[in-house]
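Spelled out, the chains give:
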Amino acid sequence: MTTAIVGVGNIGSAVARHLVAGGESVVLAAKDRSHAQALAEELGPLARATSVEDAIDGADAVVLAVWLDAIRELIPEYERLLKDKVVIDPSNPIGFDASGQVMRTLPDGESAGSVVAALLPAGAHYVKAFGTLGADALAANAHRDPLAVLFYATDDEAAAITIERLIRAAGFEPWKAGGVAAAGRIEAPAGDLHQYGLNGEVADIGRARSATAGSGA
Ligand SMILES: NC(=O)c1ccc[n+]([C@@H]2O[C@H](COP(=O)([O-])OP(=O)(O)OC[C@H]3O[C@@H](n4cnc5c(N)ncnc54)[C@H](OP(=O)(O)O)[C@@H]3O)[C@@H](O)[C@H]2O)c1
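Now for a description of the structure that goes with this document.

What counts, and where the lines are drawn
- Residues numbered from 1 in each chain as written.
- Predicted model: local features only at pLDDT ≥ 70, side-chain atom pairs only at ≥ 80, totals over all residues.
- Heavy atoms only, no water.
- Salt bridge = Lys/Arg side-chain N within 4 Å of Asp/Glu carboxyl O.
- Helix = DSSP H or I, 4+ residues; strand = E, 2+ residues; numbered from the N terminus.
- Buried < 20%, exposed > 50% of the residue type's maximum accessible area, 1.4 Å probe, protein only.
- Pairing = 2+ DSSP bridges.
- Right-handed = clockwise from strand over helix to strand, strands pointing away.
- Contact = heavy atoms within 4.5 Å.
- Polar contact = N/O pair within 3.5 Å; in protein donor to acceptor, adjacent residues only side chain to side chain.
- Patch = residues over 30% accessible without salt bridge, like charges linked within 9 Å, V, L, I, M, F, W, Y side chains within 5 Å.
- Areas by Shrake-Rupley, 256 points an atom, 1.4 Å probe, with all protein chains shown as cover.
- Core = buried A, V, L, I, M, F, W, Y, C linked by side-chain atoms within 4.5 Å.
- Near = heavy atom within 4 Å.
- Nonpolar A, V, L, I, M, F, W, Y, C, P; charged D, E, K, R; others polar.
- Axes fitted to C-alpha atoms, helices over the stretch in contact; angles between N-to-C directions.
- Parallel < 35°, antiparallel > 145°, perpendicular 65-115°, else oblique.
- Left-handed = near helix turned anticlockwise from the far one by under 90°.

On to the pattern of salt bridges, then. This structure, assessed with the given rule, holds nine salt bridges. Among the ionic pairs, Arg17 bridges to Glu42, the shortest N-O distance being 2.9 Å. A residue pair is termed long-range when its members are at least 10 positions apart, and Arg17 in helix 1 (residues 10-21) and Glu42 in helix 2 (residues 33-43) qualify at 25 residues. When its relative accessible area of 36% is taken as the criterion, Arg17 is described as partly exposed. Via salt bridges that share partners, Asp89, Lys128 and Glu187 belong to a single interconnected network.

It is worth spelling out the pairing of strand 10 (residues 173-178) at this point. Of all six residues in strand 10, five are buried, a share of seventy percent or more. In terms of strand pairing, strand 9 (residues 149-153) meets strand 10 through five bridges, oriented parallel. Among the inter-strand pairings, Val149 is bridged to a residue of strand 10, identified as Glu173. The parallel pair strand 9 and strand 10 is bridged by helix 7 (residues 157-169), and the resulting crossover is right-handed.

Mapping Glu164 onto the fold places it in helix 7. Through-space distance from the C-alpha of Glu164 to that of Val8 is 22 Å; in sequence the pair is 156 residues apart. With residues up to four places along the chain from it excluded, the contact list for Glu164 reads Tyr152 and Pro174. There is a polar contact of 2.5 Å between the side chain of Glu164 and the side chain of Tyr152.

So, on to the pairing of strand 5 (residues 86-89). Both faces of strand 5 are covered, namely the face carrying Val86 and Ile88 and the face carrying Val87 and Asp89. Strand direction decides the pairing type here: strand 4 (residues 61-64) and strand 5, joined by three bridges, are parallel. Along strand 5, the bridge assignment pairs Val63 with Ile88. Traced from strand 4 through helix 4 (residues 68-77) to strand 5, the parallel crossover comes out right-handed. Across four bridges, strand 5 lies against strand 8 (residues 125-128) in parallel orientation. Each bridged residue has a counterpart across the sheet, and for Asp89 the counterpart in strand 8 is Lys128.

Now for a nonpolar patch on the surface. On the surface, a cluster of nonpolar side chains totalling about 370 Å² of accessible area is made up of Trp67, Phe96 and Val102. Topologically, Phe96 is positioned in strand 6 (residues 94-96).

Side chains of nonpolar character tend, in soluble globular proteins, to be buried together. In this structure, Ile5, Leu28, Ile88 and Phe130 are the most contacted members of the largest nonpolar core, which totals 40 residues. With 26 residues, the next largest nonpolar core counts Ala59, Leu82, Leu106 and Ala124 among its residues.

The next point concerns the site of the ligand. Taken together, the neighbourhood of the ligand is formed by 24 residues, with Val8, Ile11, Asp32, His35 and Val66 sitting nearest. Between Gly9 and the ligand, the recorded distance is 3.3 Å, taken from a backbone N or O atom to an oxygen atom. Lys31 is positioned with one of its backbone polar atoms (N or O) 3.1 Å from a nitrogen atom of the ligand. For the ligand, whose free accessible area comes to 900 Å², the fraction covered by protein is 80%. Counting residues per element, the ones that place at least two in the shell around the ligand are helix 1 and helix 4. Considering every element that reaches the shell around the ligand, the biggest residue donor is helix 4, with three residues. Tallied by class, the residues present in the shell around the ligand amount to 14 nonpolar, eight polar and two charged.

On to the environment of Ile161. By the secondary structure assignment, Ile161 is in helix 7. The spatial distance from the C-alpha of Ile161 to the C-alpha of Pro107 is 31 Å, given a sequence separation of 54 residues.

What follows deals with the packing of helix 1 against helix 2. Helix 2 packs onto helix 1 with a crossing angle of 25 degrees between their chain directions and a minimal axis gap of 11 Å. Between helix 1 and helix 2, the crossing angle belongs to the class labelled roughly parallel. Crossing handedness for the pair helix 1 and helix 2: right-handed. Between helix 1, through Ser13, Ala16, Arg17 and Val20, and helix 2, the contact on the second element is made entirely by Leu39, Glu42 and Leu43. Class assignment for the residues of the contact of helix 1 with helix 2 results in four nonpolar, one polar and two charged.

Take a look at the structure:
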C-alpha cells in the first residue's frame, strides 16, 4: 500500500515520519516540490517526492495535509484522480483574527469534515483523521505506553479499515468517534474530542472509551 501525503508542513511531516518508521511507503508532495524532496531525502527509501498529481495518482490513500482553503482548491483540480482513493482529512476550521487569536472559519455546527466530504467525487472513501492532536503532540506521542489514541470519523467501511491500519502503523491506537456527522467532535477549535477540547490531554483508550460512551461510536 502507498500513502500520498499532500503537504509536508507540521502535520504532513509528522504523519510521514511516523508512517515510514512503521514501514509504510509514502509519496510526498507540496506546493514547493523542494520541500517534499527535502523530507523524502531525510526519510530514506520508503519515501519519495513528486508532483501533487503523480502523488495522488499512484497512491491508495491520500492525506490532505493542507489548510482547508487549499483543500477546497485541490479537490476540484484532482477530482478525477480521487475517485477510488481513501481520502484522509486532518483539516480544522481554524484561522486567526487581526490580533492573532484563533477563530473558527466555519459557522457553528458546520464541520470541516462535512465540507470536505461533500466536495469529493462519488467513489472516494472519506475519513477525518490525523488532525485530532496538535502537531507537536502528534510528533511526540507515537508508540507511547499506553498508546495514545487518534480519533477518526467516517461513514465508509473501506476508509475505516485503511485508517485503522495507518494509525496503528504510525504508532497510535485508532478510535472511531462516529460517522462524518461526528467529524466536528474531533476538530479544533471547538470539538470536545480534539486534544484542545480535552484540555490538552493526549487520550489513551480508556479516556477515549469514556469520552465516546453513549454516542454510538
Ligand atoms: N498545525 C497543527 O497543530 C494542526 C493540528 C491538527 C490539524 N491541523 C490541520 O492540518 C492541516 C495542515 O496544517 P499544518 O500546520 O501542517 O500546515 P503547514 O505547516 O502550513 O503546511 C501546509 C503544507 O501545505 C502545502 N500546500 C499548501 N498549498 C498547497 C497546494 N496547493 N498543493 C500542495 N501543497 C500545498 C504547503 O506546501 P509548501 O511546503 O510548499 O509551502 C505545506 O507543505 C490544516 O488543515 C490544519 O488545520 C493542523
